[in-house]
Amino acid sequence: MAVTIREVARVAGVSAATVTRALSTPEVVRPATRQRVREVAASLGYHPNRAARGLITGRTGNFGLLVPDLANPFFPSIVKGVQGRAHEADHAVFLADTDEDPAAEAGLVRKLAKQVDGIVLCSPRMAEPELRALAGEVPTVLVYRRVPGVPSVTAEFLDGMRQAVSHLTALGHRRIAYVAGPRTSWANRERVRSLRAVTRRSEVELTEMGNVIPQFPGGVSVADRVLAAGVTAVIAYNDLVALGLLHRFAARGVAVPDDISVLGFDDIPLAEMVHPALTTVALPKEEAGQAGVDLLLHLLDRRTAVRRELPTQLMVRGSTGPAR
């Protein structure tokens, strides 16, 4: 016969309600008690009945996760972080790719709303008013997007740009280009804002160009314009754009970093696999996904879910060198 929740409670020396909380909303149970309940449940072979638990708690045990482009190597690590933390909280994750389409984002959120307890929106492209409206309909946490009044997880873009510019100026670069990403990208606007703030305090001449698609072809398409601008270094919106720049520069016989330095953003796995290896600003990815679920659990427990900013780290590799 199937093990019941009352048997788990009796062996663990706690109430049935505590067993329910330890397995469904573990963050509200003391760590020692939570661990004891889980060990007893595992030893007895107890598996909670999701349907019955849903009738008691009013929750589905599911989270929704929307990302703009699963083909972009930046997002799988965030997905892994969300799934890992959700699994620890005994939640399943419904994953959807919005294909960089703001209208698709809004439609998917509303379709998922009745099937999930909350949603993690990763780098959403929707306008702020619509995001605030959706957050009022279903518990929502933003990852790599900030909207007043909505809990979010972002990174310290200003410090990341400060590290990037400091590195390039230390190598003698004074004419730097920035290749911008999508106009609808909040992350792109933050990077531009941060880069302008940093370069205003230095002797750097900044040239902005774009907007390009945040993929390899985007870098290829703008590379000739970067060379025509006469800059000695270029910062790309993300690593995929930077890799496109490297590819086109190589095709034209332009040596990196001897003729021009290239710096990316994100630190995707491919950044270390190319030649020369890409210097880039590493953003926390798996940690951002974990933090997004933590904030969502806080929301569901009616606790205050605030904004979190995670640190960035410059990864110096072979694509940057002294200015020619």
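Above this text you will find the structure in question.
Residues numbered from 1 in each chain as written. Predicted model: local features only at pLDDT ≥ 70, side-chain atom pairs only at ≥ 80, totals over all residues. Heavy atoms only, no water.

S.K.: Residues and numbers for the nonpolar core, please.
M.R.: Of all hydrophobic cores here, the largest spans 72 residues; its most connected members are Val-226, Leu-245 and Phe-249. In this structure, Phe-249 is in contact with Ala-223, Val-226, Leu-227, Val-234, Val-254, Val-256, Ile-260 and Val-262, ignoring residues within four places of it in sequence. Ranked by size, the runner-up nonpolar core spans 15 residues in total, among them Leu-121, Met-126, Leu-134 and Val-138. (Core = buried A, V, L, I, M, F, W, Y, C linked by side-chain atoms within 4.5 Å. Buried < 20%, exposed > 50% of the residue type's maximum accessible area, 1.4 Å probe, protein only. Contact = heavy atoms within 4.5 Å.)

S.K.: Explain the sheet that holds strand β3 (residues 118-122) to me, using residue names and the numbers behind them.
M.R.: As summarised here, the arrangement of the six strands in space is β2-β1-β3-β4-β5-β11, forming an open sheet in which the pairing is parallel. One side of each edge strand has no neighbouring strand; the edge strands of this open sheet are β2 (92-97) and β11 (308-310). Between one strand axis and the next, the sheet turns through 20 degrees on average, direction left out of account. As paired elements, strand β4 (residues 140-143) and strand β5 (residues 152-155) share two bridges and run parallel to each other. Residue Leu-142 lies in a different strand from β5, and its bridge partner there is Ser-152. (Pairing = 2+ DSSP bridges. Helix = DSSP H or I, 4+ residues; strand = E, 2+ residues; numbered from the N terminus. Axes fitted to C-alpha atoms, helices over the stretch in contact; angles between N-to-C directions.)

S.K.: Just give me the short version of the packing of helix α8 (residues 157-170) against helix α9 (residues 186-200), but keep the residues and values in it.
M.R.: As a packed pair, α8 and α9 sit with axes 8 Å apart at the nearest point and diverge in direction by 50 degrees. Taken together, α8 and α9 sit at an angle that is classed as oblique. Every pair of crossing elements has a handedness; the one defined by α8 and α9 is right-handed. Counting all contacts with α8, which are made through Phe-157, Leu-158, Met-161, Arg-162 and Val-165, the residues of α9 involved are Trp-186, Ala-187, Glu-190, Arg-191, Ser-194, Leu-195, Ala-197, Val-198 and Thr-199. Among the residues forming the contact of α8 with α9, the class breakdown is nine nonpolar, two polar and three charged. (Parallel < 35°, antiparallel > 145°, perpendicular 65-115°, else oblique. Left-handed = near helix turned anticlockwise from the far one by under 90°. Nonpolar A, V, L, I, M, F, W, Y, C, P; charged D, E, K, R; others polar.)

S.K.: So what's going on with the environment of Met-315? Which residues, and what values?
M.R.: By secondary structure assignment, the location of Met-315 is in strand β12 (residues 313-315). If we ignore the near neighbours within four places in the chain, the residues touching Met-315 are Asp-267, Leu-278, Thr-279, Thr-280 and Ala-282.

S.K.: Summarise the pairing of β4; cite the residues concerned and give the values.
M.R.: Residues Thr-140 and Leu-142 point to one face of β4 and Val-141 and Val-143 to the other, with burial holding for every one of them. When β3 meets β4, the two strands line up parallel, connected through four bridges. What sits directly across from Leu-121, in β4, is Leu-142. Taking the sense of rotation as the criterion, the β-α-β connection linking β3, helix α7 (residues 128-137) and β4 turns out right-handed. (Right-handed = clockwise from strand over helix to strand, strands pointing away.)

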